[in-house]
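So the chains spell out like this:
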Amino acid sequence: MNSSFPISRRTFASATALGAATLALPALRAQGKLEKTKIALAVGGKAAFYYLPLTITEQLGYFKAEGLEVEISDFAGGARALQAVVGGSADVVSGAYEHTINLQSKNQMFQAFVLQGRAPQIAFGVSTKNMPNYKSVADLRGKKIGVSAPGSSTNMMANLVLSRAGLKASDVSFIGVGTSAGALAALRSGQIDAMSNTDPVMTMLEQKGDVKIISDTRTLKGTVDVFGGPMPAACLYAPMDFIQKNPNTCQALANAIVHGLKWLQTAGPGDIIKTVPENYLLGDRGLYLASFNKVRDAIALDGMLPEEGAKTALRALASFDPSIKADKIDLGKTYTNEFARRAKDKFKA
């Protein structure tokens, strides 16, 4: 599998990152001194492909190349990661864009400033063991549905699928199962009847015949089918006052992520295997690579969040959450492309 990649990209990338770090100091001075060099970043389910750009950026030393020391805390799901920032134990979240809309509806102003994923990469499947006679979404009434964590983007996707079939969130039980080995075990052991989750977990379950996929946003086409338009996914977002007080730091974070995105555009499967931590493979390299190939086009290209994508997210949330009034949300405050635009120019991504 790796024989087609005889040159170690890890070695090459590490050398590149070291060189970049050496060159970074004058660039940082030109951009302005970093307000904060130590950043606490919260993420929910880092081993998922949903957050692959974050992992690549970290593993290849691109945060360090920008003069940053980023401490990443991994939580069971995006909602928990968000709580870390709201509670003050983290500065920035790597999480789903739609949280910024949810937060604004509660008068909490958070802003996304660099995009990592241009499709949610979430698949919803029913257990072939617990529900062998499944025919329609209506059959999920009263069932247990696994999500990464209650309130996370996997939960939102499930809510959307249910609402289109006339079911409410209260018609099912949502159970947090994480995004890795625990999620596999929960489905295979019969603890849950269906699951909304990310890859590599869903591809592993699908290829072993453990789930029947009923809704899929792992590709751009599938995303349009489910959401009716482009749907932004993982991004870095933070409280607006943090971004306003730390613009150079946020620029450095955006630069690092866009650097990672650029690397991912030309990376082969062997490069990914060499770069991500071994435990991310969940004991099956072949299935991990099959998952990567499935979600590859869902990875953002340049960190820019499309205006149409923000509109899609608002429509989707408002369709099943009565607390979100579309006419009361100022989408322009939920994201900014200024940092990603400058990072794109820097790396010509």
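A. Structural detail: helix H5 (residues 98–105). The element H5 is extensively covered by neighbouring structure, given that seven of its eight residues are classed as buried. Every buried residue belonging to H5 is among Glu98, His99, Thr100, Ile101, Asn102, Leu103 and Gln104, and all of these are buried. In the core, the buried residues of H5 are packed alongside helix H4 (78–86), strand S3 (92–96), strand S4 (110–115), helix H6 (153–164), strand S10 (234–239) and helix H14 (307–320). Phi for Asn107, located one or two positions after H5, is positive at around 65 degrees.

B. Representation of the packing of helix H11 (residues 247–266) against helix H15 (residues 338–347) within the structure. At their nearest, the axes of H11 and H15 sit 8 Å apart, and the two run at 55 degrees to each other. The orientation of H11 with respect to H15, classified from their angle, is oblique. The way H11 lies across H15 gives a crossing that is right-handed. Facing H11, whose interface residues are Pro247, Cys250, Gln251, Ala254, Asn255, Val258, His259 and Lys262, H15 presents Glu338, Phe339, Ala340, Arg342, Ala343, Lys344, Lys346 and Phe347. Classifying every residue of the contact of H11 with H15 gives eight nonpolar, three polar and five charged.

C. Spatial organisation of the layout of surface pockets. A volume near 290 Å³ is recorded for the largest pocket. Contributing to the lining of the largest pocket are 18 residues, with His99, Asn102, Lys106, Gly151 and Ser152 lying nearest its centre. The set of elements that each furnish at least two residues to the lining of the largest pocket consists of H4, H5, H6 and H14. Taken together, the residues that form the lining of the largest pocket break down as seven nonpolar, eight polar and three charged.

D. A look at empty space enclosed by the protein. The final tally for this structure, using the stated rule, is two cavities of 30 Å³ or more. Lining of the largest cavity is provided by 13 residues; of these, Gly44, Tyr51, Gly78, Ser148 and Ser153 occupy positions nearest its centre. Put simply, the parts of the chain that give the lining of the largest cavity at least two residues each are S3 and H6. A class-by-class count of the residues in the lining of the largest cavity yields three nonpolar, ten polar and no charged. Approximately 40 Å³ is the volume found for the second largest cavity. Taken together, Tyr50, Glu98, Pro120, Ile122, Ser153, Met156, Phe227, Met231, Pro232 and Ala233 form the lining of the second largest cavity. Taken together, the residues that form the lining of the second largest cavity break down as eight nonpolar, one polar and one charged.

E. Local environment of the packing of aromatic side chains. Tallied over the entire structure, the rule returns six aromatic pairs. Between Tyr50 and Tyr51 the ring centres are 4.9 Å apart and the planes differ by 80 degrees, which places this aromatic pair in the edge-to-face class. Across the pair, Tyr51 and Tyr50 agree in class, each one buried. An angle of 70 degrees between the planes, with centres 5.9 Å apart, marks the rings of Phe113 and Phe339 as edge-to-face. In this pair, Phe113 is assigned in strand S4 and Phe339 in helix H15, connecting sequence segments 226 residues apart. Phe339 matches Phe113 in its accessibility class, with the two residues each being buried.

F. Representation of helix H9 (residues 220–227). Along H9, the residues classified as buried are Gly222, Thr223, Val226 and Phe227. Down the axis of H9, the sector holding all buried residues measures 110 degrees, keeping them to one side. In H9, the exposed positions angled more than 90 degrees off the buried face are occupied by Lys221 and Asp225. For H9, the elements touching its buried residues are H6, strand S9 (211–216) and H14.

G. Up close: the packing of H6 against H14. It is at 9 Å that the axes of H6 and H14 come closest, and there the two elements cross at 60 degrees. Judged by the angle between their axes, H6 and H14 are oblique. For H6 against H14, the interelement crossing comes out left-handed. From H6, Met156, Asn159, Leu160 and Ser163 reach across to H14, where they touch Ala316, Leu317, Ser319 and Phe320.

H. Molecular detail of the nonpolar core. Within the largest apolar cluster, 87 residues are counted, with the highest numbers of intra-cluster contacts made by Leu52, Val92, Tyr97, Ile101, Phe113, Ile272 and Tyr288. With ten residues, H11 is the largest single contributor of residues to this core. Excluding residues that lie within four positions of it along the chain, Ile101 makes contacts with Ala310, Ala313, Leu314, Leu317, Ile324, Ile329, Leu331 and Thr334. Judged by nonpolar contacts, the second largest core, of 15 residues, contains Met131, Tyr134, Ala158 and Ala194.

I. Region of interest: the sheet that holds strand S8 (residues 194–198). Taken together, the five strands give an open sheet; going across it, the order is S7-S6-S8-S5-S9, and neighbouring strands pair in mixed fashion. Unpaired on one side and paired on the other, strand S7 (173–176) and S9 mark the two borders of the sheet. With direction set aside, neighbouring strand axes in the sheet form an average angle of 25 degrees. Inspection of the sheet shows strand S5 (residues 122–127) paired to S9 by five bridges, in the antiparallel sense. Its bridge partner lying in S9, Val126 is registered against Lys212. The strands touched by helix H7 (residues 181–188) are S5, S8 and S9; relative to S8, the strand with the most contacts, the crossing angle is about 160 degrees.

The rules behind each value
Residues numbered from 1 in each chain as written. Predicted model: local features only at pLDDT ≥ 70, side-chain atom pairs only at ≥ 80, totals over all residues. Heavy atoms only, no water. Buried < 20%, exposed > 50% of the residue type's maximum accessible area, 1.4 Å probe, protein only. Helix = DSSP H or I, 4+ residues; strand = E, 2+ residues; numbered from the N terminus. Contact = heavy atoms within 4.5 Å. Axes fitted to C-alpha atoms, helices over the stretch in contact; angles between N-to-C directions. Parallel < 35°, antiparallel > 145°, perpendicular 65-115°, else oblique. Left-handed = near helix turned anticlockwise from the far one by under 90°. Nonpolar A, V, L, I, M, F, W, Y, C, P; charged D, E, K, R; others polar. 1 Å grid on protein atoms, 1.4 Å probe; cavity = no way out; pocket = protein on both sides within 12 Å on 5 of 7 lines; lining within 4 Å. Points joined across faces, edges and corners; volume = space filled by probe spheres on them. Phe/Tyr/Trp six-rings, centres within 6.5 Å; stacked < 30°, edge-to-face > 60°. Arc of directions from axis to C-beta. Core = buried A, V, L, I, M, F, W, Y, C linked by side-chain atoms within 4.5 Å. Pairing = 2+ DSSP bridges.

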